[in-house]
Amino acid sequence: MQIGYYPGCSLESSAKEFDLSIQAIFKELEISLKEIPDWSCCGASAAHYLNEELAMALPYRNLLKAEESGLDQILSPCPACYSHLKHVHEEVVKDSHLLERLQNLVGGEYQKKVTSKHLLDFLKKDVGFERLKSSMKISLKGLRIASYYGCLTRLPGVDIDDIENPVLMDEILEAFEGETIPWSHKTECCGASLSLTRTEIALRLTRSILESALDKGADCIVVVCPLCQSNLDTRQRDINKKYGTSYEIPILYLSQLIGLAQGLDFKKIGLDRLIISPKKLLTQKGVTLSPSP
Amino acid sequence: MSYLISKDIHQFRNQIISISGEDASKCIQCGKCTAGCPVSPEMDIQPNQVLRFIQINDPEPLLKCKTIWICASCQTCSVRCPEEIEIAKIMDSLRKLSLESQAPSGEERVVKFDNLFLDSIQKRGRVHELELVMRYNLTTFQPFKDAHLGPLMLSRGKLSFLGHKIKGLDQIKRIFKESKRFLRSLE
Amino acid sequence: MTESSRDENIELMTYSEVIDVKGFVGNFDVTIRKKPRYVDLTKCTGCGICIEKCPTKVPSEWDLGLGMRKAIYKPFGQAVPNVPVIDKENCRFFTTGKCKVCQKLCPAQAINYEEEEEFIKKKFGAIIVATGFTQFDPSIYGEYGGGRFKDVITGLHLERMLDTSGPTGGHVIRPSDHREPKNIVFIQCVGSRDEQKGHPYCSRICCMYTAKQAILLKDHFPDTQSYIFYIDIRAGGKNYEEFIKRAQREYGAIYIRGRVSKIYEKGDKLIVRGVDTLVGKQVEIEADLVVLATAVVPQPDAKELAKILNIPHDQYGFYTEAHPKLQPVESVTKGIFLTGSCQFPKDIPDSVATTGAASIRACEILSKDELILDPKIASINPDVCSGCLNCLEVCPFDAIEKTEVNGKVVAQVIPTLCHGCGNCAATCRTKAANVEGFTDDQIYAQVASIFEVMRKERLIELSD
C-alpha cells in the first residue's frame, strides 16, 4: 500500500514526534508513505480571513503537487491541514470558475483526482482493526487513556465520526487493548489558535481538559493534533504555575501509543521528545516491559 | 441616549449573506452559541449579541470588538445552532470586514500574529515556527514571553533553527502577489 | 373511561386496532383486529392475584423503564377494563411452556392461553381519530449526553416519579443512585423549535407542564431548587400567564433565558452549561437532576394508520385538517374527524374542546338518513372516456375508480369522496372528466356572452 504524505509545518519542528511516530508505525504496517515533493504551508487559520484567494491557492498547490507526482490519496496528520486540503478539493469540484482562477494563480491543471484522508479514518478503514491487532507486540492493558479529539469532528468538511461523541480513536486504542475512559471534555476546545496571542485563555481551556481527564482517572491523554498536544504538554507546567496545580499527565500522539504497542523503539517514536515524560507511567504500568502472550 | 434604527435595516445583514452565505435574520436569539463558546468569558460582545447587532444593522461595535479576534474557530456554535446558522463563518466575515474598514482592531496582537504567519510562508513556503514566535514577541514588545519554553523544546529536538526553504518559492511569491482578498466583491 | 365502558350506547373494544377501512362517509367498512389478551373479559373479576404471583418481571413501558411490571399486567392503574393482559413475548408459559401459575391461581378460571385474535368487520357512519402523541427521543442530542446519562430524564419520567402510585411512590429521586436531588434543571424546547436535529414547531404544552412540575416539586420537596432554561414562555391560555408567575413568585423557580449548550458529568453531579442572554453571560449550574421538556411527536405508526384511513398527514405525521381555521376537527377525507394531538400538539382544554367538536360533527352524519353533497363535484362521461385512467393517478382524494361500462374500461367518480378540485378535468385529454357546471363548453359560452355584452356596449372591438 502506498499513500501520499503531507506532514504540514508543525510536524517539522514542534510536533516532530508526531511525524516520527507516524513514519515508524506505517513502516511497521508496511505502508509506504510518499511525502509530497516540495509541499508548502496549507495556510492554516491565518489565511482564510486575510486573503480568501490565498487561503484556497495554498492548499490547492499541494493537491496539484500530489497529483503531479502520481499520488491520488494524501494523509495529513494535522486536522487543520486535512480540513483545508479536503475543503479546497471539494470546492473546485463544485465550482469550475474557482478551479480556473486557481489554475491561473498557481499554474498547472488539477485533474481533481486527489482524495484527502485523515489518520483515524485511514487506520480504521484502509488499514483495518485486524491488521492493527496483528501488529501488536505489547499490550496496552492497564493503561487508562483519555482520547482527546479537540475540534476535529467539527471542522468544515470533516465527516469521519460522531460530532459530539466520537469513538474512532478509542476503537483504535482498544484494538491494542488500551482502556479508554468516557469523559466529558473529549471535544472541548483547547484554545490552539490563541496559544501565543492570548496565552492565558489557552491555559484556562487546557486546564479544564486536564482536570476533567484526571477526574475520570486517566493515566494519559492521547491526541491527534499538533496544537492540542502542544497546549496540553508544553504548557502543562505553565498551568501548574498559574493555578497551583500539580498535573503530570503525559500527552501522547495516537501514533506514539500505536508504536509502543508495536514494540518500536522509544526514540524512534519520539517518546523522549515529550515535555511531560511518559517513562515513569509506562514503567509503572509495565507497558514497555510485559510482552503480550 | 436613545438608539437610532437605520432606514435600510437589512443592509448589514445582506452584506454578511454575500460574504459568508449565512443569514443572521434566522437567529431567534436562543443563545446556544454563547452557551457553548469556550472563550465566551473573555469576549466583550457575546456570539448571540454579535448576531443581534447584524440584525439591527449596527456594524460599528462589531468591527472594533475583541470578540471576533479571540474567537477560536472551534465551530462549537456552528454545529449546535438549532437554526443551522454557521456562526463561525459569520465571525470570519466580520474579521474580513474589520480589516477592510481599516479601523484599529479589537485585538491587534492577533492580526499581527496572523500577518507574521503569512509572512513566514511568503519567505520560505512553510512556516518557520521559531522565527515566527521570536518576531511576534519582538513586535509585541514581550521579548521574554515563553522564553522558558525555548531551552526545554530545544533539548527535546522540537525546535528547528534554520527552517526550510521550498524550491517552488517563486510560485508562492507569485500567489501572494496576485491573490485577491475577496473571492467575490464586497458590494 | 369507566363511564364510557358502562354506557349502553358505547361498545368499548380495547386491545384492538383498525386494520382496514373501505367505503366512504356514512358507509365505512371497517375491519378491526381484536388482539388476544389470553384473559377472558367476561370472567375476570380484576382481583389481581395473577399479577401478584407472576414470577416474571420486565421494565414497565408505562413507567418508562423506571419501574417493573409482570408478564401478566394491566398497562396502568386506571386501565379500563380492569382486566390484565398477558405479554406473550415475556410470559414464561409462552416462551418455555412452563409455569402457568396465573391459570392455576385464578379463582374465576379466566386465563385462556388458547385465545386467538379475532377479526371483526363492521359498518360505521363516521370515524374519529384520537390516537394522540408520543415523546421525541432526546438521545439524538449528543451534547446532552446522548441518552447515556442516567440523571438526564424527560418531563414524562418526572411525571411518573411525581405520581404517588408510580414506580417511586411519589418520591423524586436520581435514577443513578436513588438519592433525592436538590438542584433540578429543566430545559425547554428539546427537539422543538429546532431546524437542525429536531422539529421546527413549538410543542405548545411544555412551558406549562414544566412550570407545573416546578411548582409540584417545591410543594412536595421544599428543599429543592428548580432552574428553568427557556427561550420564550408560551402561556396563552386562561390563567396560564398567572400560573407561570406563581411558579416564579411563590415557588421560587428561577427562569433563565437561554438554551443549554452542553451537559456533562462531574463526580456525581451534572454540569449544565447554558447562557443567560438577558445579562449576556454564560452560566453553569451544578445539577443533581436534569429534566428535558421533549417535543411532542406523532405516534410511530401514525403514517401507517393514515394510509389505512386514507387521510393525508404533514411531513411530521400529524394528520391534516380540512381547513386550518374553519375546519380544525375534520380531516380532508369526508366522514373522518380528528381530535387531540394526533392533529397537532394540544393541551387538555383544547383536546376536550376538539373532541366535543368532532363528536358533534360525527353526529351530524349519523343523525341523518341521507347526506347532502356539494353539487360542485366532478363527473366522467363514459362515452367519451378513453380509459387511460390518468385522472385516477392525479386525484388527491382517491375519488375515482376504474369500472366497466358496456364492456369498456372507463373511469368513474365516487361522488361522496369528490371535493370538486378539478385535477381530473385538467388532466383529462378527451374532455370526458369535468367539474359539473364547469365544462369547457360552459366556460367558453360564459366568456363568449361576456364579450358579446362588452361589444354591444362598445367597450371593446372584436374582429370577425
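Keep in mind that this is a model prediction, so the values were computed, not measured. (Residues numbered from 1 in each chain as written. Chains lettered and ligands numbered in written order. Predicted model: local features only at pLDDT ≥ 70, side-chain atom pairs only at ≥ 80, totals over all residues. Heavy atoms only, no water.)

1. Thoughts on the overall build of chain B
What counts here: Secondary structure is summarised from DSSP: a helix means a run of H or I of at least four residues, a strand means a run of E of at least two, and numbering begins at the N terminus for each. Here the term buried applies to any residue with accessible area under 20% of the maximum for its type, exposed to any over 50%, and partly exposed to those in between, with areas from a 1.4 Å probe on protein chains only. Any two residues whose heavy atoms approach within 4.5 Å are treated as being in contact.
The helix and strand inventory of chain B stands at eleven helices and zero strands. Counting from the amino terminus, chain B carries its helices and strands in the arrangement α-α-α-α-α-α-α-α-α-α-α. Across its three principal directions, the C-alpha atoms of chain B cover 55 × 35 × 35 Å. Per-residue burial for chain B yields a buried fraction of 56% across its 187 residues. Within chain B, contacts between residues separated by at least 24 positions form 66% of all contacts whose residues are at least 6 apart in sequence.

2. Focus on helix 12 (residues 440-456) of chain C
To be explicit about the condition: A helix's residues, less one, multiplied by 1.5 Å, set its expected span.
Along its 17 residues, helix 12 of chain C runs 24 Å from first to last C-alpha, staying within 8% of the 24 Å computed at 1.5 Å per residue. Positive phi appears at C:R458, one or two residues downstream of helix 12 of chain C, with a value of about 55°.

3. Here we look at the sheet that holds strand 16 (residues 281-287) of chain C
Residue and element names in this part refer to chain C. The condition is simple: When DSSP finds two or more bridges between two strands, those strands count as paired. Geometry is summarised by axes, namely lines fitted to C-alpha atoms with helices restricted to the contacting stretch, and by angles between N-to-C directions that run from 0 to 180 degrees.
With antiparallel pairing, three strands are arranged side by side in an open sheet as 14-15-16. Two strands in the sheet have a free side with no partner beyond their single neighbour: strand 14 (260-266) and strand 16. Averaged over all neighbouring strand pairs, the angle between strand axes comes to 20°, with direction disregarded. Where strand 14 meets strand 15 (residues 269-276), six bridges bridge the pair, whose relative direction is antiparallel. Considered in strand 15, the bridge of V260 is made with G274.

4. What about the nonpolar core?
The following threshold applies: Side-chain atoms within 4.5 Å link the members of a nonpolar core, which is a set of buried Ala, Val, Leu, Ile, Met, Phe, Trp, Tyr and Cys residues.
Ranked by size, the top nonpolar core spans 87 residues in total, and within it A:L102, B:F117 and B:I121 carry the most contacts. Looking at this core element by element, the count peaks at nine residues for helix 3 (residues 52-68) of chain A. The contacts of A:L102, once residues within four sequence positions are left out, are A:E53, A:M56, A:A57, A:Y60, A:V88, A:V92 and A:G107. In this structure, A:F18, A:L29, A:L203 and A:L254 belong to the second largest nonpolar core, which totals 71 residues.

5. Some points on the interface of chain B and chain A
For clarity, the cut-off: Buried area is understood as the total, over both parts, of accessible area removed when two parts are fitted together, assessed with a 1.4 Å probe. We define a salt bridge as a side-chain nitrogen of Lys or Arg found within 4 Å of a carboxyl oxygen belonging to Asp or Glu.
At the junction of the two partners, chain B supplies 61 residues and chain A supplies 58 residues. For the pair chain B and chain A, the two sides together bury roughly 5400 Å², of which 56% comes from carbon and sulfur. When residues of chain B are sorted by the area they lose upon contact with chain A, B:R126, B:R156 and B:K158 head the list and together hold 13% of the total. Applying the counting criterion to the chain B and chain A interface returns seven salt bridges.

6. Some remarks on the confidence of the model for chain A
The following threshold applies: Think of pLDDT as the predictor's per-residue confidence, scored from 0 to 100.
Chain-level statistics for chain A give a pLDDT mean of 92 and a share of 98% at 70 or above. The model gives residues 289-293 of chain A a pLDDT under 50, and that stretch makes seven contacts with residues more than four places away or in other chains.

7. Quick notes on the packing of aromatic side chains
The condition is simple: Aromatic rings from Phe, Tyr and Trp, taking only the six-membered ring of Trp, are treated as a pair when their centres fall within 6.5 Å; an angle between ring planes under 30 degrees marks them as stacked, one over 60 as edge-to-face, and anything in between as tilted. Counted as over-ring charges are cases with an Arg CZ or a Lys NZ within 6 Å of the ring centre that also lie within 35 degrees of the ring normal.
Counting across every chain of the model gives 21 aromatic pairs over all chains. Considering the side-chain rings of A:Y49 and B:W69, the 5.4 Å spacing of their centres and the 65° angle between planes classify their relative orientation as edge-to-face. Note that A:Y49 is positioned in helix 2 (residues 44-50) and B:W69 in helix 5 (residues 67-70), a pairing that runs across two chains. Each member of the pair, A:Y49 together with B:W69, is buried. Taking the centre distance of 5.9 Å and the plane angle of 80° together, the rings of C:F94 and C:Y113 count as edge-to-face. Of the two residues, C:F94 sits in helix 3 (residues 92-96) while C:Y113 sits in the loop between helix 4 (101-105) and strand 7 (118-124), which places them 19 residues apart along the sequence. Here the aromatic cluster, defined as three or more aromatic residues joined through ring pairs, consists of C:Y38, C:F93, C:F94 and C:Y113. Positioned over the ring face of A:Y49 is B:R95, at 5.6 Å from the centre of the ring.

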